[in-house]
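Structural features, examined
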Amino acid sequence: MSARTWIPILLTAALLPLMTHAAPERDFKSEEGTVKVSTLAEGLRNPWALAFLPDGKGMLVTERPGNLRIVSAEGKVGAPLGGVPVVWAQGQGGLLDVALSPTFKQDRWVYLSFAEAGEDGKAGTAVGRGRLSADMAKLEDFSVIFRQQPKLSTGNHFGSRLVFDRDGFLFIALGENNQRPTAQDLDKLQGKVVRILPDGTVPKDNPFAGQQNVRPEIWSFGHRNQQGAALNPWTGELWTNEHGPRGGDEINLPKPGKNYGWPIATHGINYSLLPIPEAKGEHVDGMVDPHHVWEKSPAISGMAFYDNPRFKPWDHSLFIGALLSQELIRLQLDGDKVVHEERLLGELDARIRDVRVGPDGYLYLLTDAEDGQLLKVGLDL
């Protein structure tokens, strides 16, 4: 066979991992009926987050090594977009969350969170935005609007989720870079929820705005490694979740200026099986207890409220991906109260990194692997 004949074969082979996967639906049992799972796309490299484009134009998907791609509604995976920032793709770092501007149809802003290198070999979380070009091939005029300072991570605990609230403020849920005490330090941005305006400026009504030696971006503090965040569609409140150490994964409802405890208040212990050195107990006066806690860590990640008429049995549920236990967790809510928990899709043996509810009412999941998948999940009614 000639070299010229080999060229198209090699090119085709290179594209195969990113082609639509035509696997049949798989059925899984659940309390509410049969859960049907189809693989929409595969070959994604450690996908971390997705955001739906309007008008059925598919979704943006981040890959932790640094690529941003468009996946069509049919599962066709596009080439990496241009204009994406250089990321620090080491350990847990890389290209992380993606969110669209609330006014995307007018301004076409796409927001990205990512690990950014510092000058001393360490890194921190950064957030930037760029305009999606008319041909949807690149981000134009990308600029960084927020930087976690100081940069302290050697590869761990970046967070980081992006959520716009109803008033257009941008919340960023951050990790503490595996530097426990910094979550309590108000002159640092580790272990915090921050609140900024879409251009990166600080709202004048932030709880610590104007105070000396305090970062004005801070909304709440005392968080460990926040891997999930979503806006409650019925109340408009921000919910976040975070990894505990060995035990003590939490859901919190961050309120302005409040302290959520880490590392002084925790339900977990160190991975060495020894107590957390700074810990004083599960409840500490002056600190807010978790809204919900897992004594045994599932290693929770992306989460989404189910607010769509398509699958009525899932109404008022909160879905959360689990990395360690490799499950999809469904929490049934009565108002804000968690009244029931169901574990789903454990048979997939997949680390579920992100969970989103599509405009069609289906759940869309990303699995964290070098050959990661985009899954579409529904109920057989």
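Please refer to the structure higher up on the page.
All of the points below concern the structure found in this document. This one's a predicted model, so the numbers in the text were calculated from it and none came from an experiment.

**Some thoughts on the overall build of the protein**
From N to C terminus, the protein includes two helices and 24 strands. Relative to a compact globule of 381 residues, whose C-alpha radius of gyration would be 21 Å, the protein shows 20 Å and is just as compact. Over its C-alpha atoms, taken along the principal directions, the protein stretches across nearly 70 × 50 × 45 Å. Burial status across the protein gives 55% buried among its 381 residues.

**Some words on the nonpolar core**
Core analysis: the largest hydrophobic core is formed by 25 residues, its most contacted members being Leu 60, Leu 68, Val 98, Val 110 and Leu 112. Those elements that place two or more of their residues in this core are strand S3 (47–52), strand S5 (67–71), strand S6 (95–100), strand S7 (109–117) and strand S8 (123–132). Of all hydrophobic cores here, the second largest spans 20 residues; its members include Phe 319, Ala 350, Leu 375 and Leu 379.

**Some points on the environment of Ala 299**
Tracing the backbone shows Ala 299 in the loop between strand S17 (292–294) and strand S18 (300–306). For the pair formed by Ala 299 and Pro 245, sequence separation is 54 residues and the distance between their alpha carbons is 9.3 Å. Setting aside residues no more than four positions away along its own chain, Ala 299 makes contact with His 243, Asp 249, Gly 321, Ala 322, Leu 323 and Leu 324.

**As for unusual backbone geometry**
The peptide bond linking Gln 149 to Pro 150 adopts the cis configuration, its omega dihedral lying at -10 degrees. Residue position: Pro 150 is located in the loop between strand S9 (139–147) and strand S10 (159–164). With an omega dihedral of 0 degrees, the bond running from Trp 262 to Pro 263 counts as a cis peptide bond. Although it is not a glycine, Met 136 adopts a positive phi angle of roughly 55 degrees. Mapped onto the elements of the fold, Met 136 is located in the loop between S8 and S9.

**Remarks on the sheet that holds strand S13 (residues 218–221)**
In space, the four strands of this open sheet follow the order S10-S11-S12-S13, with antiparallel pairing throughout. Looking along the sheet, the strands with just one partner apiece sit at the ends: S10 and S13. Recorded for the sheet is a direction-independent mean angle of 15 degrees between the axes of neighbouring strands. Relative to S13, strand S12 (residues 192–196) is paired through three bridges, and the arrangement is antiparallel.

**Quick look at the pattern of salt bridges**
Tallied over the full model, the rule gives 24 salt bridges. Measuring nitrogen to oxygen at the nearest pair gives 3.5 Å for the salt bridge that ties Asp 185 to Lys 188. Two residues, Lys 255 and Glu 237, come together in a salt bridge whose shortest N-O distance is 3.1 Å. Remark: Glu 237 occurs in the loop between strand S14 (225–231) and strand S15 (238–243) and Lys 255 occurs in the loop between strand S16 (249–252) and S17; sequence separation between them is 18 residues. Accessibility expressed as a relative area gives 25% for Glu 237, which makes it partly exposed. Each of Glu 31, Glu 32, Arg 330 and Glu 342 takes part in a single network of salt bridges with overlapping partners.

**Some thoughts on the layout of surface pockets**
Any empty space left between the atoms is revealed when a probe the size of a water molecule rolls over them. Its volume calculated, the largest pocket comes out at about 940 Å³. Phe 52, Phe 164, Leu 231, Arg 356 and Val 357 are the residues nearest the centre of the largest pocket, which is lined by 32 residues in total. For the lining of the largest pocket, the secondary-structure elements that each account for two or more residues are S3, S6, S10, S14, S18 and strand S22 (352–357). Grouping the amino acids of the lining of the largest pocket by side-chain chemistry returns 22 nonpolar, four polar and six charged.

**Digging into empty space enclosed by the protein**
Tallying each qualifying case throughout the model produces two cavities of 30 Å³ or more. If you add up the space inside the largest cavity, you get close to 50 Å³. In terms of lining residues, the largest cavity is bounded by Arg 224, Glu 242, His 243, Gly 244, Pro 245, Gly 248, Glu 250, Trp 262, Ala 265 and Thr 266. Of the residues contributing to the lining of the largest cavity, the split by class is three nonpolar, four polar and three charged. In this structure, the second largest cavity spans a volume of roughly 30 Å³. Forming the boundary of the second largest cavity are Glu 250, Tyr 260, Gly 261, Ala 265, Thr 266, Glu 282, Val 288, Asp 289 and Pro 290.

**Brief notes about the packing of aromatic side chains**
Per the counting criterion, the structure on display carries 13 aromatic pairs. Measuring from ring centre to ring centre gives 6.3 Å for Phe 114 and Phe 142, while their planes differ by 55 degrees; the resulting arrangement is tilted. Note that Phe 114 is positioned in strand S7 and Phe 142 in strand S9, a separation of 28 residues in sequence. What makes Phe 114 buried here is its relative accessible area of 2%. Accessibility expressed as a relative area gives 21% for Phe 142, which makes it partly exposed. Pairing Phe 311 with Tyr 362 gives two aromatic rings, centres 5.2 Å apart and planes at 85 degrees, and the pair type is edge-to-face. Note that Phe 311 is positioned in the loop between S18 and strand S19 (317–322) and Tyr 362 in the loop between S22 and strand S23 (363–367), a separation of 51 residues in sequence. Taken together, the ring pairs connect Tyr 306, Phe 311, Trp 314, Phe 319 and Tyr 362 into an aromatic cluster. The lysine or arginine in question, Arg 129, covers the ring of Trp 109, its NZ or CZ lying 4.0 Å from the ring centre. The aromatic ring of Trp 262 is capped on one face by Arg 224, whose charged end is 5.3 Å from the ring centroid.

**A closer look at the environment of Gly 82**
Relative to the helices and strands, Gly 82 is located in the loop between S5 and S6. Judged by relative accessible area, Gly 82 falls into the partly exposed class, the value being 28%. For Gly 82 and Val 35, which are 47 residues apart along the polypeptide, the C-alpha to C-alpha distance reads 37 Å.

About the cut-offs
Residues numbered from 1 in each chain as written. Predicted model: local features only at pLDDT ≥ 70, side-chain atom pairs only at ≥ 80, totals over all residues. Heavy atoms only, no water. Helix = DSSP H or I, 4+ residues; strand = E, 2+ residues; numbered from the N terminus. Rg over C-alpha atoms; globule rule 2.2 N^0.38 Å. Buried < 20%, exposed > 50% of the residue type's maximum accessible area, 1.4 Å probe, protein only. Core = buried A, V, L, I, M, F, W, Y, C linked by side-chain atoms within 4.5 Å. Contact = heavy atoms within 4.5 Å. Pairing = 2+ DSSP bridges. Axes fitted to C-alpha atoms, helices over the stretch in contact; angles between N-to-C directions. Salt bridge = Lys/Arg side-chain N within 4 Å of Asp/Glu carboxyl O. 1 Å grid on protein atoms, 1.4 Å probe; cavity = no way out; pocket = protein on both sides within 12 Å on 5 of 7 lines; lining within 4 Å. Points joined across faces, edges and corners; volume = space filled by probe spheres on them. Nonpolar A, V, L, I, M, F, W, Y, C, P; charged D, E, K, R; others polar. Phe/Tyr/Trp six-rings, centres within 6.5 Å; stacked < 30°, edge-to-face > 60°. Lys NZ or Arg CZ within 6 Å of the ring centre and 35° of its normal.

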